[in-house]
Amino acid sequence: MSEINGKAISAKLVIKLAIQFLRTHLLDQFKQRNIGVNPDEIKWIITVPAIWNDACKQFMRDAAEEAGIHGDMFSIVYEPEAASVYARLLPVESFAGRNKTTILRTFDPGTKFIVVDAGGNVELWTFLLKSCSELKFEIIHKVGGGSWGGEIVNENYRIVLTKLVGGPVLQQFKREQGADYNEMMRDFERKKKTYKLGSETVIIRFPVSLKDLTTDSMNCSIDSLINESTFKESDVLQDAVRKAFPKLEVFVPVDGGLSVLKGAVIYGHNPNIVASRVCNYTYGISLSVPFKNRVHPESKRYSWDNEEWCREKFHVCFKADSVVTIGTINKLK
C-alpha cells in the first residue's frame, strides 16, 4: 500500500501498529482507572469484511500476533455477523421501520432475514433465527457483495475534486497539507451520511490551504454525486432499498454505525451464537492412498513399505455451499 504522499509502505506494518496502538491505549486506560486486569486474560475480537478470503483473514491474524495479541486470545468475526447479533438484542423501540415508525415486535423463531452491511463495500448475509430463547442464528446462504458501497462515492468525489483543481494540485495538497486533506474528506463523509432526500443544496467546506494552491473556481453542485451514495445511515440508501423490495419490512438499527462494534463485544461473550455457517470454498486435506492403475496419475506414484501409493490425493472435508454446524468433526473413513 502507499502513504498519502505516494511512498510505499507495508500494509501489515500499518495494521500491526494500529492494533498495537489500540491495545496499548486500552491497557493505559485500565491503569489510569486502577482496574486490575491481566493483559493475558483479555479476549480480543477483530472484525473483518465478510468478502475477505482466507488469505486476508490470515494476514489480519498475523498482524495481530505481531502486535502482541496471542492467537489463542483473539477471534476473527465477520462484520455482518456482529451487526446481526447486536440488532437482534436491541430493545424493540430501537428499530425504525417504514416512515420512521417504531417497530413494536421482534423476530419470531424461523424468521429469515438479510443483513445488509453498506459501508465502504456492500455485503449481504442471509440468516435464519433458530431460537429466541437460546439466541441462535443459522447462516443459510454464503456471503455476497462487492465494492459497491461508500468508497465508490468517495472515489467519484475525488474525481470531482481533480476536475476542479487539477490532478497535480490535488496531489500537492495531499502531500503538503495532509491534515487539511483528511479533514476535508471527513467533512464529505459526514455530509454524505446526513444527506436528506429532497435537499437541493449541499455545502462542502474546502480548506483555505487548498484554495491558496489554485486560482481556479471551485464552485460546483454535487447533488448528482450524493444521490448515488449507498450508506447504512443515509436516507438515500434506505429509500432505495424500500423501493426495490416493497413487500419486505426494512429495519434500521438506531446508531447503526456502532452495530458491528457492539455486536463484536456480545459475540466475544457468546461465540456459539451463530449455530452454523455456509462454506464459501471446498475445504480438504492432502492424503496418501493406495495407488490404483488407470485411476491415479503416474506422476503421483511412489513406493513405501513394499506397497504402491498415490501422494497428494485431495480428500474433501466440506464442500462449497454446504451448511456446517459449529463444532462438526469430519472423521476420515
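Heads up: the structure comes first, above all this text.
Figured I'd write up the structure that's included with this text. Remember, predicted model here, so these are calculated numbers, not experimental data. (Residues numbered from 1 in each chain as written. Predicted model: local features only at pLDDT ≥ 70, side-chain atom pairs only at ≥ 80, totals over all residues. Heavy atoms only, no water.)

### Topic: the overall build of the chain
Okay, so step 1: Within the chain, the secondary structure is distributed over 10 helices and 12 strands.
Okay, so step 2: In the chain, buried positions account for 33% of the 333 residues.
Okay, so step 3: Pairs at least 24 apart in sequence give 63% of the contacts found in the chain among residues at least 6 apart.
Okay, so step 4: For the chain, the exposed area adds up to about 20,200 Å²; of that, 54% sits on carbon and sulfur atoms. (Helix = DSSP H or I, 4+ residues; strand = E, 2+ residues; numbered from the N terminus. Buried < 20%, exposed > 50% of the residue type's maximum accessible area, 1.4 Å probe, protein only. Contact = heavy atoms within 4.5 Å. Areas by Shrake-Rupley, 256 points an atom, 1.4 Å probe, with all protein chains shown as cover.)

### Digging into the pairing of strand 2 (residues 74–78)
Okay, so step 1: With respect to burial, strand 2 is a largely interior element, five of its five residues being buried.
Okay, so step 2: Because side chains alternate across strand 2, one face comprises the buried residues F74, I76 and Y78, and the other comprises S75 and V77, equally buried.
Okay, so step 3: Taken together, the five bridges between strand 1 (residues 44–48) and strand 2 define a ladder with parallel strand orientation. Paired with W44 across the strands is F74, a residue of strand 2.
Okay, so step 4: With respect to chirality, the unit in which strand 1 leads through helix 2 (residues 54–66) into the neighbouring parallel strand 2 is right-handed. (Pairing = 2+ DSSP bridges. Right-handed = clockwise from strand over helix to strand, strands pointing away.)

### Re the sheet that holds strand 11 (residues 307–318)
Okay, so step 1: With respect to topology, three strands assemble into an open sheet ordered 9-11-10, the strand pairing being antiparallel. Lying at the two open borders of the sheet, with one neighbouring strand each, are strand 9 (283–290) and strand 10 (301–304). Ignoring strand direction, the axes of neighbouring strands in this sheet form an average angle of 45 degrees.
Okay, so step 2: By the bridge criterion, seven bridges tie strand 9 to strand 11 in an arrangement that is antiparallel. What sits directly across from I285, in strand 11, is H315. (Axes fitted to C-alpha atoms, helices over the stretch in contact; angles between N-to-C directions.)

### Here we look at the packing of aromatic side chains
Okay, so step 1: Inspection of every chain in the model, using the stated rule, returns four aromatic pairs.
Okay, so step 2: Look at Y281 and Y283: their rings are 6.4 Å apart centre to centre, the planes differ by 90 degrees, and that puts the pair in the edge-to-face class. (Phe/Tyr/Trp six-rings, centres within 6.5 Å; stacked < 30°, edge-to-face > 60°.)

### A look at the nonpolar core
Buried together is how nonpolar side chains tend to be arranged in soluble globular proteins.
Okay, so step 1: Judged by nonpolar contacts, the single largest core of 17 residues is most densely connected at Y157 and M184.
Okay, so step 2: By residue number, the principal contributor to this core is helix 4 (residues 150–165), which donates five residues.
Okay, so step 3: Sequence-distant contacts of M184, that is, excluding residues within four places in its chain, are made with Y157, L161, F173, R205, F206, P207 and L210.
Okay, so step 4: Among the nonpolar cores identified, the runner-up in size contains 15 residues, and L27, M60, A64 and I69 belong to it. (Core = buried A, V, L, I, M, F, W, Y, C linked by side-chain atoms within 4.5 Å.)

### Quick look at the pattern of salt bridges
Okay, so step 1: Considering all chains together, one arrives at 11 salt bridges under this definition.
Okay, so step 2: Between D187 and R190 there is a salt bridge; the shortest N-O distance is 3.7 Å. Taken together, the residues span about one helical turn, with D187 and R190 both in helix 6 (residues 178–194) at a distance of three residues.
Okay, so step 3: Of the residues examined, R190 reaches a relative accessible area of 39% and is grouped as partly exposed.
Okay, so step 4: A salt bridge links K243 to D239; its shortest N-O distance comes to 3.2 Å. Highlighted residues: K243 and D239, both in helix 9 (residues 235–244), separated by four residues, approximately one helical turn.
Okay, so step 5: According to the relative accessible area criterion, D239 is partly exposed, its value standing at 26%.
Okay, so step 6: One network of salt bridges, in which partners are shared, links E183, R186, D187, R190 and K191. (Salt bridge = Lys/Arg side-chain N within 4 Å of Asp/Glu carboxyl O.)

### Looking at helix 1 (residues 11–32)
Okay, so step 1: Along its 22 residues, helix 1 runs 32 Å from first to last C-alpha, staying within 8% of the 32 Å computed at 1.5 Å per residue.
Okay, so step 2: The N-cap residue of helix 1 is S10: its side-chain oxygen and the backbone nitrogen of K12 are 3.4 Å apart.
Okay, so step 3: A positive backbone phi angle near 55 degrees is found at N34, which sits one or two residues after helix 1. (Expected span 1.5 Å × (residues − 1). Polar contact = N/O pair within 3.5 Å; in protein donor to acceptor, adjacent residues only side chain to side chain.)

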